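Results of the structural survey
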Amino acid sequence: MSQDLPAALVNKGLAEINAQPFGDQATLAVVGLTRSGTSMLSALLKTFGIHMGEVVDSAVYEDVEVAKFIDAKDFAGLKAFIAKRNAEHAVWGFKRPNAYKVLKQLTPMMRKPRIIVTFRDVLAIAMRNHVSMQMDVLSALPRYADEYQELIRNIAPLKCPMLLVSYEKFIQFPEESIVRTARFAGIEPTAEMIAKGMDTVKNGPEAYLKASRLRYTGHVDRIVNGKLRGWAMVIDQPKLKANVQLKVNGQVAASAVANVRRKDLVDAGIGDGHHGFEIDIDNSMSRDNVIEVTAGNSSTVLPNSGKKAIAYGLV
């Protein structure tokens, strides 16, 4: 449909605010709500050859050192860090989504700041967090709307150049979006750069999902007093309680949240110890039925699954 419209009427989803010519020095910051496309933009800048950090989280292309200072609100340490990075690079950048909350303190420290702000449909953000982090969709939507209000309040007073980016439109018009982003970053992209950028945009979502999804561990124990017991935990995130599903002969029969405190888990130092589950067993279950327990919104099968119910103590 857009092919039938005059070019000026086609919404490409990129808005440059406070436009200024690019000089020989600059610091680029990529900010926005989590899951709104900041990783893709940071990866793209790295593809252009811009230094995006010494210690970078390879899953989300995030400068770990900058993140540490921002999260601790250690502005003195951050100022010294920025000065050091300025001495090493005329143009450099970093990605930290929640840095939008401290732009008032951050931008005066930055040399010739240029801010890239990503935006994404709030339902898409909620669904990504549901798929990757098992968060409830409906309850999250008002929070994301509030976060967008906060983001806008924080960027509105800024006088430095900003590139506002729609993630959805970036995917729809990748080549034009790549070119405009490169030029905002002071780069006239070559055909090779554009091709590499297209690969980054194309392959980014799948790689990001694989890297950022939750991983689980646990065990299926026994049936005691009509309940199948066991435990499940999100690796490296013990405060986030895992959902588990009971499958009988391959079909989901029941579900539960693994949040029961177990002394053996506490004693073993497994998470916070609140990772046990108890699932009611239907009275009609046969001892020959095969039991399997999966964790989260994934196909992770807990260890000791796949046996007949009699092996778990069904009488």
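This section reports on the structure supplied with the text. None of the values given here were measured: they were computed from a predicted structure.

Okay, the overall build of the protein chain next. Of the regular secondary structure elements, the protein chain holds ten helices and 16 strands. Oriented by its inertia axes, the alpha-carbon framework of the protein chain measures out at about 80 × 55 × 35 Å. A burial count over the protein chain gives 46% of its 315 residues as buried. With an accessible surface of roughly 16100 Å², the protein chain has 53% of that area assigned to carbon and sulfur atoms. Positive and negative side-chain charges in the protein chain, numbering 40 and 33 respectively, have mean positions lying 2 Å apart.

All right, on to the sheet that holds strand β5 (residues 91–95) then. The strand order across the open sheet formed by five strands is β1-β7-β6-β2-β5, and the pairing between neighbours is mixed. The outermost strands of the open sheet, each flanked by one partner alone, are β1 (14–17) and β5. Across the sheet, the axes of successive neighbouring strands diverge by a mean angle of 15 degrees, strand direction being ignored. Note that strand β2 (residues 26–32) and strand β6 (residues 113–119) share six bridges and pair parallel. Counted as the bridge partner of L28 is R114 from β6. Relative to β2, helix α1 (residues 38–47) is tilted by about 155 degrees, and along the sheet it contacts β2, β5, β6 and β7 (162–166).

Alignment of strand β9 (residues 227–234) against strand β13 (residues 274–280), held across five bridges, turns out to be antiparallel. Looking across to β13, one finds that K227 is bridged to D280. In this sheet, β13 lies alongside strand β12 (residues 260–261) in antiparallel orientation, the contact comprising two bridges. Each residue of the ladder has a partner; that of R261, found in β13, is H274.

So, on to helix α3 (residues 75–88). With 14 residues, α3 extends 20 Å from end C-alpha to end C-alpha; this agrees with the ideal 20 Å at 1.5 Å per step. Among the residues making up α3, those that are buried are G77, L78, F81, I82, R85 and N86. On the buried face of α3, the contacting elements are β2, β4 (62–63), α2 (64–72), β5 and α4 (103–106).

Across the sheet, which stays open at both edges, the four strands sit in the order β8-β9-β13-β12 with antiparallel pairing between neighbours. Looking at the sheet topology across the chains shown, the edges are occupied by β8 (216–224) and β12.

Counted at 1.5 Å a residue, the expected span for helix α6 (residues 137–155) with its 19 residues is 27 Å, and the 27 Å between its end C-alpha atoms agrees. Among the residues of α6, V137, A140, Y144, E147, Y148, L151, N154 and I155 are the ones counted as buried. When α6 is viewed along its axis, its buried side chains cluster within an angular range of 125 degrees and face the same direction. Turned more than 90 degrees from where α6 packs its buried face, L138, S139, D146 and R153 sit exposed.

This part takes up the packing of α2 against α3. Packed helix pairs are characterised by how far apart their axes lie and by the angle those axes make with each other. With their axes 9 Å apart at the nearest point, α2 and α3 run at an angle of 155 degrees to one another. Between α2 and α3, the interaxial angle falls into the category roughly antiparallel. For α2 against α3, the interelement crossing comes out left-handed. Of the residues in α3, those in contact with E65, V66, F69 and I70 of α2 are G77, L78, F81 and R85. Among the residues forming the contact of α2 with α3, the class breakdown is five nonpolar, one polar and two charged.

The rules behind the values
- Positions within a chain are numbered from 1, following the residues in the order the chain's sequence is written.
- Per-residue local features of the predicted model are confined to residues with pLDDT of at least 70, and side-chain atom pairs are confined, for both listing and counting, to 80 or more; whole-chain, interface and lining totals are unaffected and use all residues.
- With hydrogens and water set aside, each side-chain value is computed from the structure's full complement of heavy atoms.
- Runs of E in the DSSP output that reach at least two residues are strands. Runs of H or I that reach at least four are helices, and both are numbered from the N terminus.
- Buried residues are those whose accessible area, probed at 1.4 Å on protein chains only, stays under 20% of the maximum for their type, while exposed residues exceed 50% and partly exposed ones sit between those limits.
- In these tables, accessible area is a Shrake-Rupley quantity obtained with a 1.4 Å probe, and a residue counts as shielded only by the protein chains included in the view.
- In this tally Asp and Glu are treated as negative and Lys and Arg as positive; neither His nor the chain ends contributes.
- All charge positions are set by atom: Lys at NZ, Arg at CZ, Asp at CG, Glu at CD.
- If DSSP finds at least two bridges between two strands, the strands pair.
- Axis definition: a line fitted to C-alpha atoms, limited for helices to the stretch in contact. Angles are taken between N-to-C directions and run from 0 to 180 degrees.
- The contact rule is simple, with two residues in contact once any of their heavy atoms fall within 4.5 Å.
- For a helix, the expected span equals 1.5 Å multiplied by the residue count minus one.
- The arc in question is formed by the directions pointing from the helix axis toward the C-beta atoms.
- Reported orientations rely on four angle classes, namely roughly parallel under 35 degrees, roughly antiparallel over 145, roughly perpendicular from 65 to 115, and oblique for the rest.
- For any helix crossing, the convention is left-handed if the near helix is rotated counterclockwise from the far helix by under a right angle, and right-handed if that rotation is clockwise.
- Three residue categories are used. Nonpolar comprises Ala, Val, Leu, Ile, Met, Phe, Trp, Tyr, Cys and Pro, charged comprises Asp, Glu, Lys and Arg, and polar comprises the others, including Gly.

Honestly, it's all geometry; don't read function into it.
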